[in-house]
Every structure is written in C-alpha cells, then in structure tokens.
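# Close look at the chain arrangement
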Amino acid sequence: MADMTSRVKELQKTPEKIRNIAICAHIDHGKTTFSDNLLAGAGMMSEELAGKARTLDFHEDEAERGITIDSASVSMVHNVEGSDYLINLIDTPGHVDFGGDVTRAMRAVDGAIVLCCACEGIMPQTETVLRQALRERVKPVLFINKVDRLIREVKLTPEEMQKRFIEIINNVNKLILEIAEEEFGSKWQVSVGEGSVAFGSAFHNWALSVPYMQKEGITFKDIIDAYEAGGDEYKVLAKKAPLHEVVLTMVVNKHPNPVEAQKYRIPKIWHGDLESKAGKDLLSCNIDGEVAFVPIKIVIDPHAGEVAAGRLFSGRIRQGDELYMNLSKKKVRAQQVSIYKGAHRIQLDEVLAGNVVGIVGLKDVFVGETVSKNPIEPFEAISHIFEPVVTKSISAKKTADLPKLIEVLRQVGKEDPSLRIEINEETGESLISGMGELHLEIIENRIKTEKGLEVESSPPIVVFRESVSKKSDVAVGRSPNKHNDFFMTVEPLEDSIVEAIAEGKLPEGRIKKKDKSLDETLVSLGISREEAGQYRDIYKGCVFLDRTKGIVQIGEVIELIIDAFEQVVDAGPLAREPCHKLKVSVVDMKLHEDAIHRGPAQVYPAVRNAIKEAFSKANPVIYEPVQVHQIEAPNEFMGAITSLISQKRGNLIDVKQDASTVTIKAEIPVQEMIGWTSDLRSATEGRGVSSLVSQSFKRLPSELQEKVIRQIRDRKGLAENQ
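Residues numbered from 1 in each chain as written. Predicted model: local features only at pLDDT ≥ 70, side-chain atom pairs only at ≥ 80, totals over all residues. Heavy atoms only, no water.

### Points about the overall build of the chain
Summing up its helical and strand segments, the chain has 24 helices and 33 strands in all. Relative to the 2.2 N^0.38 estimate, which gives 27 Å for 722 residues, the radius of gyration of the chain is 27 Å and therefore close to what a compact globule would have. The proportion of buried residues among the 722 residues of the chain is 56%. Of the contacts formed within the chain by residues at least 6 apart in sequence, a portion of 72% connects residues at least 24 apart. (Helix = DSSP H or I, 4+ residues; strand = E, 2+ residues; numbered from the N terminus. Rg over C-alpha atoms; globule rule 2.2 N^0.38 Å. Buried < 20%, exposed > 50% of the residue type's maximum accessible area, 1.4 Å probe, protein only. Contact = heavy atoms within 4.5 Å.)

### Considering the environment of Val332
Structurally, Val332 is set in strand 12 (residues 330-333). For Val332 and Leu700, which are 368 residues apart along the polypeptide, the C-alpha to C-alpha distance reads 47 Å. Among all residues touching Val332, those that are not within four sequence positions of it are Asp321, Glu322, Leu323, Met325, Gly361, Leu362 and Lys363.

### Considering the environment of Glu685
Assignment of secondary structure puts Glu685 in the loop between helix 23 (676-683) and strand 33 (689-699). For Glu685 and Phe637, which are 48 residues apart along the polypeptide, the C-alpha to C-alpha distance reads 8.9 Å.

### Some remarks on the packing of helix 13 (residues 258-269) against helix 14 (residues 277-284)
A packed helix pair is summarised by two numbers, namely the angle formed by the two axes and the spacing between the axes. In contact at an axis separation of 6 Å, helix 13 and helix 14 are set at 130 degrees when each is read in the N-to-C sense. Considering the angle they form, helix 13 stands oblique to helix 14. Residue-level inspection shows Val259, Gln262, Lys263, Ile266 and Pro267 of helix 13 in contact with helix 14, the latter providing Leu282, Leu283 and Ser284. Class assignment for the residues of the contact of helix 13 with helix 14 results in 5 nonpolar, 2 polar and 1 charged. (Axes fitted to C-alpha atoms, helices over the stretch in contact; angles between N-to-C directions. Parallel < 35°, antiparallel > 145°, perpendicular 65-115°, else oblique. Nonpolar A, V, L, I, M, F, W, Y, C, P; charged D, E, K, R; others polar.)

### Section: the side chain of Ser433
Locating Ser433 in the fold gives a position in strand 20 (residues 430-434). Its relative accessible area of 7% is what places Ser433 among the buried residues. There is a polar contact of 3.0 Å between the side chain of Ser433 and the side chain of Thr391. If sequence neighbours within four positions are ignored, Ser433 has contacts with Pro388, Val390, Thr391, Ser418, Leu419, Arg420 and Leu440. (Polar contact = N/O pair within 3.5 Å; in protein donor to acceptor, adjacent residues only side chain to side chain.)

### With respect to the sheet that holds strand 29 (residues 582-590)
With mixed pairing, the 6 strands of this open sheet are ordered in space as 24-25-29-28-27-26. The sheet is open, and its two borders are formed by strand 24 (475-478) and strand 26 (509-510), each paired with just one other strand. Strand direction decides the pairing type here: strand 28 (residues 542-546) and strand 29, joined by 4 bridges, are parallel. By the bridge assignment for strand 29, Val543 is matched with Lys583. Relative to strand 28, helix 20 (residues 554-570) is tilted by about 155 degrees, and along the sheet it contacts strand 25 (485-492), strand 26, strand 27 (535-539), strand 28 and strand 29. (Pairing = 2+ DSSP bridges.)

### Comments concerning helix 5 (residues 124-135)
With 12 residues, helix 5 extends 17 Å from end C-alpha to end C-alpha; this agrees with the ideal 16 Å at 1.5 Å per step. Burial runs high along helix 5: 10 of the 12 residues are buried. For helix 5, the full list of buried residues reads Pro124, Gln125, Thr126, Thr128, Val129, Leu130, Gln132, Ala133, Leu134 and Arg135. Where helix 5 terminates, the next one or two residues include Arg137, which has phi positive at roughly 55 degrees. (Expected span 1.5 Å × (residues − 1).)

### Observations regarding the pairing of strand 31 (residues 651-657)
Here 6 bridges tie strand 31 to strand 32 (residues 661-669), and the two strands are oriented antiparallel to one another. In the strand pairing of strand 32, Asn651 is matched with Glu667. Hairpin remark: strand 31 followed by strand 32, antiparallel, with 3 residues in the connecting loop.

Below you can see the structure in the form of structure tokens.
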C-alpha cells in the first residue's frame, strides 16, 4: 500500500486533480453499502468486506442500529484515461435527527451524489439533503440505487424501467430548479445523456451510465438477462460494469475541482472583502495564499486526542505552524497535519489548499470555526435546517462523577454541534437539547456505553418561543441612576424577513458598516430603503433597528443596547423562553453627558425593561414548535393513524394511497410528539414508519396560552416579578 500512500501525497499538490464530494440520501437507501463499494473498488479496502464491513460506521450504536450517525471522511485514488484523481468523500447520515452532520459536510465539499432508491423514488429526506447541498452551492449528480429490486421484485420490463427512471430524474430536476439560485437551477439539471445520472445496485456492486454503456456496449436488456438467468449470473455485471468505475468516473467528469468551485462558492459562504488579499486567495484556492481552514467535524482519536477534520480553502499548513482561531480569538499550534487514505489518516509534513484534511492541536476548536494565520473575516456560520426543540435535563447518578459528566458533555457537544448543551456547575444539572427524542436517546446511550458514565435524565421538555401579535406603543426604560432614558417599540417581524433569515439569504450577525448587498436584499423583500438602512443586528431570527436621529453619543452605547436586545431574545419576558419573529426598534434616547453614568450597569436594565414593557403592550403570544411528519403504513392502518394524529392535536396535510400503502403527511405539535415512536408502533403493529419533513413555529391555541406560560414558569421556579 506504500505506493498508494505516495500517490495520495502527490495528488494533494494539484487542486485541479481533486474532487471533494458527499453522498446524501434518505435513510436506508443504501448509502453506507454504496460508499464501502467505492472504497473497495478504489483499492482502499478488501473487496470481500465491502458492503458487509460498513467501514464508515465506527460507533458501536451505528453497527447495532444499522444506521450511520457520524459522518467520516475517506479518500480514494481513481484513474480516468491515464490520469490519477484524488477523491475525498464525506459520508453523511440520512436520518433527520442527524441532519446537522449533513449540513456541515456540505460546507467542505463541492459536489454531491444524490442517492435515490429506484423503488421508493424521492423521499422527504432526499429533498432535505438536496436543499442543504444547493444552499451551499454544491453541485448534484444522481445515482438511482436498488435497480436489482425493480427487476427481481417489481418485475419491470426495460421500457417500464426507463419510464420509472425518467420520472425520478424529472422529480430531481424539478427540485433543483425550485431550490437552487437562478443561475444554477437550469445549469445544474441532471441528465442521462450527459452522464450526470447513473443507476445500479450498490448491494450487487454494479452500475451503469450512458457514456459507460456506449463505451462498453452494454444495454438494459443485458442486465435483465443476467438476473433472469438466476444463480450468481448477476456477479458478471459487477465485473463488466463495476460500481466504483462508473460512479467515480462520473464524479471526475461532472463535479468541479476546488479551483473552479471556489470561484462561485466563496462569495456565498464567506462575507469578507473579495478584493482583499485573503479574498483573492480564497477565490483562486491559492496554495501559497493566506491560510483558511474550516473544521466540519471533531473526531476523538484515542492516540492523538482531538482531530479537527475539515476543508482547507486556501494556503498550506505545516506541522508546528502557529494558527489563529478567528471566532474564539486565540492562537494555537498545529501539532500534526494529515490527509486521508481510505478511512485512515496519514501524517504529512504539510497539507495544501483544496483538500479535506485533519489537524491535531487546535485546542477547544469547534465546528464551523475559521482557522487562519492572520486574523481574517470568519466564514458564515453553518446554519442548520432544524433547530433543537426537545430538551432533557441530565445529571450524574453519583455526585462524585459530576466533574466527569461536565467533561463528557463538552466532548459530546463538540462531536455533534447540532446539540445544544447548557452546563450548570452549581446545581450539577445540565440541559441537553436536540432535534427529537431519538437524537437525545442515542446521545444518552453513548454517554453510558462509550464514555462509561451512569447518568439520569428527566422526561423530555419542549422549548417554546415568545413573540407579539401587534405593534406596541413607545415604552420608556429608565436607568437605575435615573440619568438615561431609552424609548423602544416592539412589533411582529415580517414573514418575508423571517423566511429569508431561515434560508440564509440574510446572514445573522451585527451590521457594522454600510452593507450594500444587505440593503438590496431587504429592499427586494419589500422593506423600504429607509428602514433597510436602520438594521443593526439580526439575531436568532429577530432583528434590531436604530430609528433614532442625531444622537451624538449613540456610537458609545449602541453595542450595549444590542447586547441587552440579545439578552431579551435569549430569554423573553413571558417565561424566559427564546423569542421568535420579533422586531425591536430604539426610537429615541436621552443620555447623560458623562460617559461614566452610562455604562453597562445602567444601559442593560434600562433597555431590557423598555423592551419588556413594550412587549406587554403588543399582545404577547407563545409559539410552539410543530413538525410535519410523513407516515407510511399498510392501508388497513389508515384509520388508526388518523385518530392517533387527532389525539395529538395534529392536522392532516395530505393523504395518498396506492394498492397497498397509505402515505400521510401531518403537522403535529412537538409537545404532543413525546413517545410518538412507540405510539405509532402500537397503532400500526410495528409496521408504520415516520420521517420528519420540516419544522416551524406556530401560535399556540389561545385557550392553552395561559396554562403553558404557567407550566413553564413553575418548572423554572420563576417568581411573580422575575
């Protein structure tokens, strides 16, 4: 294998010969088997093990549950027409509770293989992962898997098979047009003729694409004949048309290399000055430029400690280099640098731009950090499609284990950044929030089995949101020393803005200088030009505006006012739940001449009180998280499922039936979803499956508002005036 290692080392030096890709698919569409076969075919793993070994599933709970939870990076060398190419593949999970991993993987790659089952077609998850890819300007190609089942179980003729493929391809293309930005929607359509679609069976290790069929003279009929001949005849297909050969050739020919891709991806994911030196280095993927590395995964290696795996967008990092972490604002030293060969890290002296690399020594680094040599504008925060809405409190069974629990939670939070963890060192009770019950259950099992710690957890708690339903009058907040007054209003934020923030069209963060592109985006969303110029902060889906005129000392207090606004958004006035869809404006202020009398201790309480008072004048309301689920089950359970949904305050959105199966889409409040998996199992005798399609916040019915506010306040032990 030494020869392979030297080929991998050589190839990392020419970015044009690199392809960084991810595979994304709905759960159980065969992704792990698919990636194992690619690895085996590229000589990175023994062929006998492929598809059985599941090299990429290295947590015990993954092998047990048969699902992929952590995404791992693997690298392969593939030869096309006499040239070697280095293909870095990031494996991503299909289960939506781990959607955070998918989003992070997309940051590091330029191309995605959308894997889709020939029998089931496009599923909710397929759509979600495609959305995540296109949002990061990652170019898709399509692989239709499980074709063997169409022949053996569904018994389709070649004509019917082609009709089925065309339907899937059209659906994918329709999604790409809908989701992608205009310039990419039509350019990135997948097509059989152009070779950006392949089909095959990952399980039986063969694949075909039109260019390959033309080159090798294979037809659809040959495939059907091979299966109909019975016995092991289909194994001949794997020799004639090996999966890795067809798929990796499609990747090399149809996916961009880092140099091409960064030209159009960087303006989307990095908001610094593109004319600056760092900007030009990033756009051109300059090996000799400013270092810019974004970790997308922290893996705990028993020997090396924390390895930050991620994409190096520009520059080179040598072992021993001093680096700077732009978000945590601290210096660290790279102790080891490595690239991947198969699923193993090979240590090198230096790693170069355009690669997926592993770096040891970035102390306390977190996913989505921007690592460079000199301070640069950080990359846009990696935004997750769903927010964590279910929380459990977790504590160590033995008091003596408390320090260990805190350590373990910090580690778990690093390994899975879509978890939110709040550690309370005084009470020893910590809160852990995730996407759903399964997500938290798996994390809890990991703490017990892998980290060997006995813990107890509370029943799950749902996180609500606070908001208002009309515009308030002006409210005044006076500072404790009576020398400063702040005049504020609160109103519901326009839906168009809420959506644009959720989709990442409006980047979150404080707005420092005049940002022309931000103004244009706001105007295109129907905001007047004057108001667009008043935006000062976009924070967790809420916005802050400065509508004051001619106040001299405003520059000295504006950051403090924004701090206070963010404190209220984190814990609202009704029950200290986070706020949602809120637009807060400061309309006027009277300040003491002397700076000493308008420090944080004066400004924070005054602004918070003004916002809280305005809030109470604006018809405060509680929003609850609701999820749209798609439920599939045999037809005879339709009645049982619909009555289960109505018991849970759910609404039916859509019901489709075919000969044997019913597919129901329903919107259900997350509060009622606790225990959902087991309720659905018992209602359908274990034959119903449900998957999350989307999540949003809806107004809680008015008859429940009072009751829920009281429950939350009691649970948090808040006194009347708190």
